[in-house]
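# Fold and geometry: a report
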Amino acid sequence: MEEGARERGEPPPGPLSPLRFRPSVVIDGSVPFEEDGWREVRIGGVDFRVSELCDRCAVTIIDPVTRSKGKEPLRTLARHRRWDGKTWFGIRLVPRTRGEIHVGDPVTAR
């Protein structure tokens, strides 16, 4: 986003909260967009199947705290992650087994 702002002669945007994406799970330590190739994920003791990539809606351009609107992150995501008329970021998981997951649980994907 900062690079695009510089190219347009705009001030760089501040950090964006992950809450804009309404995630259920955030996985740290993987390569950007690595999840595109995942078929299955295990978090702690719970197995999930990847049902599909996640197309992003305009809610991501609204700050969940201030309710102010902007163009990011959709503008930047669309430059790199747009196909079939949609902008893509993240995956949808469907649990295969029952259980609880917790912050810090190990994650295995394949």
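In this report, the structure presented in the accompanying data block is examined.

Analysis parameters
Residues numbered from 1 in each chain as written. Predicted model: local features only at pLDDT ≥ 70, side-chain atom pairs only at ≥ 80, totals over all residues. Heavy atoms only, no water. Buried < 20%, exposed > 50% of the residue type's maximum accessible area, 1.4 Å probe, protein only. Helix = DSSP H or I, 4+ residues; strand = E, 2+ residues; numbered from the N terminus. Arc of directions from axis to C-beta. Pairing = 2+ DSSP bridges. Contact = heavy atoms within 4.5 Å. Axes fitted to C-alpha atoms, helices over the stretch in contact; angles between N-to-C directions.

Attention shifts here to helix α2 (residues 74–81). Residues of α2 that are buried: Leu 74, Thr 76, Leu 77 and Arg 81. Burial along α2 is one-sided: seen end-on, the buried residues are contained in an arc of 160 degrees.

Bringing the sheet that holds strand β2 (residues 46–55) into the picture now. The sheet built from five strands is open, its strands ordered β3-β4-β2-β1-β5 with antiparallel pairing. Two strands bound the open sheet, and with one partner strand each, they are β3 (82–83) and β5 (107–109). When β2 meets strand β4 (residues 86–95), the two strands line up antiparallel, connected through six bridges. Within β4, the position partnered with Phe 48 by the bridge is Pro 95. In this fold α2 packs onto β3 and β4, with an angle of close to 90 degrees to the strand it touches most, β4.

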